[in-house]
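A structural walkthrough
Residues per chain, in single letters:
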Amino acid sequence: MKKIAVLASGNGSNLQAILDAVESGAITGAAVTLVISDKLDAFALKRAAASNVPTKCFLPAEYSTREEYDGALVTYLQAMQIDLVVLAGFMRLLTPYFVAAYPRQIMNIHPSLLPAFPGAHGVADALAYGVKVTGCTIHFVDEGMDTGPIILQEALTINDHDTMESLQQRIHELEHRLYPQAIDLCVRGKIKLEGRRCLINDN
Ligand code: GRF
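Residues numbered from 1 in each chain as written. Predicted model: local features only at pLDDT ≥ 70, side-chain atom pairs only at ≥ 80, totals over all residues. Heavy atoms only, no water.

Applying the stated criterion to the full structure yields six salt bridges. Measuring nitrogen to oxygen at the nearest pair gives 2.6 Å for the salt bridge that ties Glu154 to Arg177. On the criterion of sequence distance, the pair formed by Glu154 in strand 7 (residues 150-157) and Arg177 in helix 6 (residues 164-187) is long-range, its members being 23 residues apart. Using a relative accessible area of 26% as the deciding quantity, one classes Glu154 as partly exposed. According to the relative accessible area criterion, Arg177 is partly exposed, its value standing at 43%. (Salt bridge = Lys/Arg side-chain N within 4 Å of Asp/Glu carboxyl O. Helix = DSSP H or I, 4+ residues; strand = E, 2+ residues; numbered from the N terminus. Buried < 20%, exposed > 50% of the residue type's maximum accessible area, 1.4 Å probe, protein only.)

And the structure:
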């Protein structure tokens, strides 16, 4: 049984989708054994508690550098014997030290079709730019901002009547379906990396 830690800063709807997928058996061979946040009031922490998953807060104000913060985080993850780190709305860029500690075992979800619209405002940036197609991307994390190898990606059409809210909601629905799928593939060892390409072999 692989141990997953989910890192979340906010609402945690993706965390919920992952917890539900473990519960329903859509994710096999793994369980969420830890939820970490950088914010005391993250609703994700309440969701974790409701599912009896242990939580821990690492508050940035208590560390003087990003390296020190990530050092403490990695030490804790290793002590908890975490195999896979899943970022679900965790609003911090990981240091190279963190990335190296979990090679190809850190995943992130981003609400646009990367490499378009990276950063903290993927949905708003796509809408403002006027693209007709956007979507969501699940990728392994490297040292860059939303630059790692892409595991799964799915598109949706932006309609003229879409608002920030409607688009966000539709992207969330996509995310909640795709993230558990990507995690399941990863824990079952179905993803093979060739250069930047993630080849999925799910026979
Ligand atoms: C998601 O849209 C995800 O793509 C982005 O942050 C958002 C988190 O939403 N990285 P939630 O906290 O899972 O509801």
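Resuming the write-up.
For the peptide bond that leads from Leu114 to Pro115, omega is 15°, which places it in the cis range. In this structure, Phe117 is a non-glycine residue whose phi angle is positive, near 55°. By the secondary structure assignment, Phe117 is in the loop between strand 5 (106-110) and helix 5 (122-129).

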